[in-house]
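So you can see what is in the structure, the chains are spelled out below.
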Amino acid sequence: MMNTGTGLLGLLGDPVAHSVSPAMHNAAIDRLGLDYVYLAFRVTPAGLAGALNGVRALGIRGVNLTIPHKTAALGLLDEVDEAARRVGAVNTVVNDAGRLTGYNTDIAGFLAALKKHGFAPAGQKAVVLGAGGAARAVVFALRDAGAEVVIANRSIEKADTLAADTGATAVSTTETELQKALDGAGLLVNATPVGLFPDTGVTPVPGSLLHPGLTVFDTIYRPRRTRLLTEAEAAGCRVIDGLDMLVEQGATAFELWTGQSPDRAVMLRSAAAAMS
Ligand code: NAP
């Protein structure tokens with residue numbers, strides 16, 4: 001039952017109407033019997049500074065940030081933790097008595113999803129498709145975990161910049177380059193929106209380039225089975241969909257706000273139910 005002591009959590013983004021974060025976090029709150037509620041707020045870029053001041057003024061304990069605020073927030077917070085600063089994106093804000101600190105829980109979320117599926121990145125060659133916000137978190141995570149990383153992106157300049165920032169290498173997305181990059185690779189990560197609902201008929205990599213022994217991780221979670229993952233499974237690859245990463249990044253944020261470990265299985269079930 002909500003009352004005067006109920007703690008507030010939320011999501012700032014635009015759009016937020018189809019977000020599964022409220023369902024996922026409120027289910028975790030209920031399971032632990034905590035006195036919190038998680039709400040979604042549609043906030044335009046022009047409204048972000050005001051919304052963050054509102055977080056301070058209203059004593060909101062914490063928020064997630066999604067498109068289009070992850071980078072813009074960097075200059076509006078009192079502190080940004082080292083990893084989020086390196087990635088250049090904040091997806092979680094913690095409010096300690098009016099002092100806002102930014103974190104990037106996509107890094108921990110990605111690594112936790114890999115671990116859950118038994119993939120250890122140390123010493124492995126990984127190919128990452130994309131060089132945007134999600135790819136930056138993935139590449140930093142993989143490099144810190146000891147993997148060799150090849151970045152393939154449509155705009156080669158963005159791949160070059162990310163490669164220079166992380167000690168990875170950059171290639172173009174031609175079939176020949178992708179084939180070379182995948183030779184000897186243990187992991188392929190799609191961090192582009194290619195295959196995302198409603199354009200589910202496309203894939204970022206021809207299925208003919210996928211080989212058994214490769215683990216294929218699609219950060220997309222809508223749909224869970226993208227064309228890439230369907231073709232990867234048919235090629236004998238181990239597959240990981242984006243929902244585990246979504247749950248794990250959310251769980252890490254939840255821990256930062258409440259100090260308590262949420263039930264990941266409950267979060268996964270409620271996120272999947274909210275999508276269907
Ligand atoms: P972003 O910053 O806009 O970056 C998108 C990247 O994809 C860019 O490198 C872009 O290439 C590339 N790209 C876009 N459209 C493309 C196309 N048609 N063909 C080839 N490349 C294309 O987006 P983001 O925030 O990184 O998000 C990317 C995806 O990650 C989203 O679809 C989302 O589903 C997923 N994601 C999942 C989680 C999770 O928890 N599971 C978390 C975050 C993001 P250019 O540089 O050439 O523009």
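Procedures and definitions
Residue indices follow the written sequence of each chain, beginning from 1 at its first position. Reporting of local features is limited, given that this is a predicted model, to residues whose pLDDT is at least 70; pairs of side-chain atoms are given and counted only at 80 or more, and all residues count toward the totals for whole chains, interfaces and linings. Just so you know, side-chain values use all the structure's heavy atoms and leave hydrogens and water out. Any residue with a heavy atom lying within 4 Å of a molecule or strand is counted as near it. Side-chain atoms alone can form a polar contact between residues adjacent in sequence; in general such a contact is a pair of N or O atoms within 3.5 Å, and within protein one must be able to donate a hydrogen while the other accepts it. Accessible surface area values rest on a Shrake-Rupley calculation with a 1.4 Å probe, where residue burial reflects the displayed protein chains alone. Pairing of aromatic rings covers Phe, Tyr and Trp, the last counted by its six-membered ring, and requires centre-to-centre distances within 6.5 Å; plane angles under 30 degrees mean stacked, over 60 mean edge-to-face, and any other angle means tilted. By definition, any uninterrupted DSSP run of H or I lasting at least four residues is a helix, any uninterrupted run of E lasting at least two residues is a strand, and each is numbered from the N terminus. Between buried and exposed lies partly exposed: a residue is buried under 20% and exposed over 50% of the maximum accessible area for its type, with that area taken using a 1.4 Å probe on protein chains only. Any two residues whose heavy atoms approach within 4.5 Å are treated as being in contact.

Lining the immediate surroundings of the ligand are 20 residues, of which A131, A134, N153, S155 and K158 lie closest. In the environment of the ligand, an oxygen atom lies 2.8 Å from a nitrogen or oxygen atom belonging to the side chain of N153. Separating an oxygen atom of the ligand from a side-chain N or O atom of S155 is a distance of 2.4 Å. Protein contacts shield 73% of the accessible area of the ligand, which totals 920 Å² for the unbound molecule.

All right, on to the packing of aromatic side chains then. Any pair of aromatic rings gets described here by the distance separating the centres and the angle formed by the planes. Counted according to the given criterion, the structure contains 2 aromatic pairs. Judged by centre distance (6.1 Å) and plane angle (50 degrees), the rings of Y38 and W257 are tilted. Separated by 219 residues along the polypeptide, Y38 in strand β2 (residues 36-42) and W257 in helix α9 (residues 242-258) bring together distant segments of the chain. Taking the relative accessible area as the measure of exposure, W257 reaches 2% and is therefore buried.

With that out of the way, let us pick up the environment of I220. Here I220 shows up in the loop between β11 (215-218) and α8 (227-234). Between the alpha carbons of I220 and V138 there is a distance of 13 Å; along the sequence they are 82 residues apart. Residues within four places of I220 in sequence aside, it is in contact with N190, T192, P193, V194, G195, L196, T226, D241 and G242.

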